[in-house]
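Letter by letter, the chains look like this.
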Amino acid sequence: MSTTTPSKLQKILAAGHFGVTTECGPPRSCDGGVVEEKAKHVAGHVDAINVTDNQTAVVRMCSLASCIRLRIMGLEPVLQMVTRDRNRIGLQSDLLGAASFGINNVLCLTGDHQSFGDHPEAANVFDLDSTQLIQTVKMMRDEAKLLSGAELKTCPQMFIGAAENPFADPFDVRVSRLAKKVAAGAQFIQTQCIYNLDKFKKWMQGIVDRGLHEKVHILAGFTPMKGVGMAKYMKNRVPGMDVPDDIIKRLQGVPKEKQSDEGINICIEHIQELKEVKGVAGFHIMAIEWEEKVPEIVERAGLYPRPKVD
Amino acid sequence: MIMAKAKPIEEIIDEIKEFKRILIAGCNGCVTVCEAGGMKEVEVLASALRMYFKKAGQDMEIGEISLTRQCDKEYIKELRDGIGKYDAVVSLACGAGVQFLAEMYETKPILPGVDTCFIGVTEEPGVWTERCAACGECMLASTGGICPIARCSKRMANGPCGGSSDGKCEVNKEIACGWQLIYDRLKALGQLDRFEKPVSPKNWKTSRDGGPRKIIREVSRQ
Amino acid sequence: MSYPSNIRIVKVPCTGSVAPIHLLRTLEKGADGVFVAGCLEGDCHYQAGNLRARKRVDYVQEILKSIGIEPERVVMYNLSAGEGPRFAEIAVEMTEKIRQLGPNPIKRQGDVKETA
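What you see is a predicted model; the values in this text were computed from it and never measured.

Criteria and cut-off values
- Residues numbered from 1 in each chain as written.
- Chains lettered and ligands numbered in written order.
- Predicted model: local features only at pLDDT ≥ 70, side-chain atom pairs only at ≥ 80, totals over all residues.
- Helix = DSSP H or I, 4+ residues; strand = E, 2+ residues; numbered from the N terminus.
- Rg over C-alpha atoms; globule rule 2.2 N^0.38 Å.
- Contact = placed C-beta atoms within 7 Å.
- Buried ≥ 20, exposed ≤ 12 C-beta atoms within 10 Å, placed from the backbone.
- Pairing = 2+ DSSP bridges.
- Axes fitted to C-alpha atoms, helices over the stretch in contact; angles between N-to-C directions.
- Nonpolar A, V, L, I, M, F, W, Y, C, P; charged D, E, K, R; others polar.
- Core = buried A, V, L, I, M, F, W, Y, C linked by C-beta atoms within 7 Å.
- pLDDT = per-residue confidence, 0-100.
- Right-handed = clockwise from strand over helix to strand, strands pointing away.
- Parallel < 35°, antiparallel > 145°, perpendicular 65-115°, else oblique.
- Left-handed = near helix turned anticlockwise from the far one by under 90°.

Helix and strand counts for chain A come out as 11 helices and eight strands. For a compact globule of 310 residues, the expected C-alpha radius of gyration is about 19 Å, and chain A comes in at 19 Å, within 12% of that figure. When the backbone C-alpha atoms are referred to their principal axes, chain A occupies close to 60 × 45 × 40 Å. Look at the contacts in chain A between residues 6 or more apart in sequence, and 80% of them connect residues 24 or more apart.

Quick look at the structure:
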């Protein structure tokens, strides 16, 4: 399928197992212990841990520092990088730094516009976009060259990832975009969290029809609902999110103190359903500020224990 | 055209209140088209300022003029004779015009009366929108005539991003998603194959990032 | 039809030809108030002239606010050409309003009153 790296996530996917990843958000503080704590909850139950990069344009401890910390703990980080805040010089520099600590996974993103975050008056960078960042990492890894053509003495061995939102644009565009990212060098995809299974399956069909599932590993994203409030918020206030009414009805049909359990049940049922869908290579579980639930989800979805690879 | 909009009058009053004789200088070029700084706007501003200072009991003489353009020396020269009797000039031209006046009349404070905003078009009377970011290396041929730098909030070369929904930008529902427009146009032109080819990183040297720019056309020089 | 003698009438074929500068200059030259009497909305002989006039009156009111002059000194009224008594009514109403506001604040003591 393309360049092999020391990435544990790549090895698991290449061996044909479902891959399982999750997300840890760094704190708005200098306390590295926060990321350590979150990681400890999930470590044994996932193949790799994403660390977000100033998500929604809100300043937090940088992803690079947190990924280094995870690496030192002996875990497998996925470095998320947005192109909103750093130009090609900064991005390539950070990639070299990450690789120097043995970080082997990178998720290339454009990033939410700064108007969403806590510093809406900032200038943005967007020297590159996510597709160009994919091209950059590929060039550094496969040609041992920076974008300028300068040679690298040693180069990053990164497993390259990208994100996709099956619920954003019209259907045609979504599949084309994926094709473009794959052409640029994307090796794995993590999707936006899924609630509308039918729509997701339709998207997957488009991808399978073009044979793209054989060129890239697709991990389906999930975020368990904590309750009706969260479900309604995500349906109405979060752009690009598709939450069908029957999810909300199902949560409403259960007493308030049982809603979070029901949210977990829905998540697990969905994962089990998607395991049967052609082209789904794994799951990316984003239990934001609810990391302690990840082990239960992984176990009850039949994804535990995680396979061992050398 | 360069599009601008009038500065709040409070800001202008604040800048001129220390003076006694002010010239309001408009421009018959771009700022007339976007109704921010042409003769009409000069007259309205001058009248409003006169009333303000009369009410405040402060002596203030306000002169009115509008030049053909303020970005050409042959036109801004025309102020040479009259400018002497004013303490300062409020120029309603775009930033380029304000600066050119200041360069020619070094000892006269030249103050901006409009906020220069973008290069754009008149969508309908009273509505002007941005179209060009002056990047210095036009790639409109490959995007169906729609600019991803000016019309995509993230200036993506391989858009759209995941925040595009219903053809609108995640930043503001009033803004069309530039990449949705490009996709639709390429489809209409039968050029969707362009959409799937990854576009490599742009050379930003020719844009503002490379520093202040200059064009020299030898054949035109005297 | 009789109306107060302090009203000076400026006839125009359509209020659509009244520009913001006309309204401003009138006040600048010492008028205490200006009202724009246009046809009833929907009845404009030139289609939308009176609608434009209303927008311009709003625009001038904003300018007056920004320079500390009461925006109520410039007002738009709509009536039909045949409504003589209504015109007189408006004239009286406007005169009363302006009397309450007092003379144009830009006039200083001892200023010679300028004619329009």
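We are not done yet, so read on.
Next up on the list: the overall build of chain C. Regarding its fold elements, chain C presents three helices and two strands. Mapped in sequence order, the helices and strands of chain C form the string α-β-α-β-α. Expected size for 116 residues packed as a compact globule is a radius of gyration near 13 Å; at 14 Å, chain C falls within 12% of this value. When its C-alpha atoms are laid out on the principal axes, chain C stretches across 45 × 30 × 20 Å. Here chain C, with 116 residues, has 29% of them falling under the buried criterion. Across chain C, the fraction of contacts at a sequence separation of at least 24, relative to all contacts at a separation of at least 6, is 70%.

Facing the 14 residues of chain C at the interface are 13 residues of chain B. Looking at the side of chain C that touches chain B, the element that brings in the most residues is helix α1 (residues 20–28) of chain C, giving six residues.

Ranked by contact count, the leading pair among the two pairs of chains in contact consists of chains A and B. For the non-touching pair chain A and chain C, the nearest C-alpha separation works out to 27 Å.

Further remarks concern the sheet that holds strand β7 (residues 127–132) of chain B. All names here are of chain B. Sheet architecture is open: three strands sit in the order β1-β6-β7, paired in antiparallel fashion. Strands at the two margins of the open sheet, each flanked by one partner only, are β1 (2–6) and β7. Averaged over all pairs of adjacent strands, the angle between their axes in this sheet comes to 70°, without regard to strand direction. Bridge analysis of strand β6 (residues 114–124) against β7 gives five bridges, and the strand direction is antiparallel.

Now for helix α3 (residues 63–72) of chain A. Turn by turn, an α-helix covers 3.6 residues, leaving residues three or four places apart pointing in a common direction. All names here are of chain A. Of all 10 residues in α3, seven are buried; the element is thus mostly enclosed. The set of residues buried in α3 consists of Ser63, Leu64, Ser66, Cys67, Ile68, Arg69 and Leu70. Structurally, α3 contributes buried residues whose contacts are with α2 (33–42), β2 (48–51), β3 (77–82) and α4 (88–100). Once α3 ends, the next one or two residues include Gly74, with phi positive near 85°.

A word on the sheet that holds strand β3 (residues 61–67) of chain B. Residue and element names in this part refer to chain B. The four strands lie next to each other as β3-β2-β4-β5, forming an open sheet whose pairing is parallel. Because the sheet does not close on itself, it has two edges, and the strands there are β3 and β5 (110–112). Adjacent strand axes in the sheet meet at a mean angle of 25°, parallel and antiparallel pairs treated alike. Where strand β2 (residues 21–27) and β3 come together, seven bridges link them in parallel fashion. For Ile24, the partnering residue across the bridge sits in β3 and is Glu64. The strands touched by helix α3 (residues 39–55) within the sheet are β2 and β3, with β3 carrying the most contacts at an inclination of about 175°. Across the sheet, helix α5 (residues 95–104) is in contact with β2, β4 (88–91) and β5; its angle to β5 comes to roughly 170°.

Turning our attention to the interface of chain A and chain B. Facing the 26 residues of chain A at the interface are 22 residues of chain B. Secondary-structure elements contributing two or more residues to the side of chain A that touches chain B are α5 (130–142) and α6 (171–184) of chain A. The residue inventory of the side of chain A that touches chain B, partitioned by class, reads 10 nonpolar, 10 polar and six charged.

Our focus in this paragraph is the nonpolar core. In this structure, Ile49 and Cys108 of chain A are the most contacted members of the largest nonpolar core, which totals 84 residues. Ranked by the residues each element gives to this core, the list is headed by α6 of chain A, at five residues. If sequence neighbours within four positions are ignored, Ile49 of chain A has contacts with Thr21, Thr22, Cys24, Ala39, Val42, Leu70, Leu75, Glu76, Pro77 and Val78 of chain A. Listed in part, the 63 residues of the second largest apolar core include Leu45 and Ile62 of chain B together with Val18 and Met94 of chain C.

This part is about the confidence of the model for chain C. Residue and element names in this part refer to chain C. On average, residues of chain C score 89 in pLDDT, and 91% of them reach the 70 mark or higher. For residues 112–116, every residue scores under 50 in pLDDT, and the model assigns this stretch seven contacts once sequence neighbours within four places are set aside. Listed scores for the predicted complex are pTM 0.91 and ipTM 0.91.

All names here are of chain A. β3 sits mainly inside the fold: six of its six residues count as buried. On β3, burial covers both faces: Pro77, Leu79 and Met81 on one face and Val78, Gln80 and Val82 on the other are all buried. Taken together, the three bridges between β2 and β3 define a ladder with parallel strand orientation. When the sheet's bridge partners are listed, Asn50 is paired in β3 with Val78. Where the polypeptide runs from β2 across α3 and back to β3, its parallel neighbour, the crossover connection is right-handed. With α4 bridging β3 and its parallel neighbour strand β4 (residues 105–109), the resulting β-α-β unit is right-handed.

So, about the packing of helix α8 (residues 228–237) of chain A against helix α9 (residues 245–252) of chain A. Residues and elements named next belong to chain A. One can describe the packing of α8 onto α9 by two numbers: an axis separation of 9 Å at closest approach and a directional angle of 165°. If you check the angle between α8 and α9, you find them roughly antiparallel. For the element pair α8 and α9, the recorded crossing hand is left-handed. Contacts from Val228, Ala231, Lys232 and Lys235 of α8 reach α9 at Ile247, Ile248, Leu251 and Gln252.

So, on to the environment of Tyr195 of chain A. All names here are of chain A. Mapped onto the secondary structure, Tyr195 falls in the loop between β6 (188–193) and α7 (197–209). Separated by 185 residues in sequence, Tyr195 and Gln10 have C-alpha atoms that sit 26 Å apart. In this structure Tyr195 touches Asp242, Val243, Pro244 and Ile247, once residues within four positions along its chain are discounted.

It is worth spelling out the packing of α2 of chain A against α3 of chain A at this point. All names here are of chain A. At their nearest, the axes of α2 and α3 sit 10 Å apart, and the two run at 50° to each other. As judged from the angle between their axes, α2 and α3 are oblique. Between α2 and α3 lies a crossing whose hand is right-handed. Residues Val35, Glu36 and Ala39 of α2 touch α3, and the partners they reach there are Ser66, Arg69 and Leu70.

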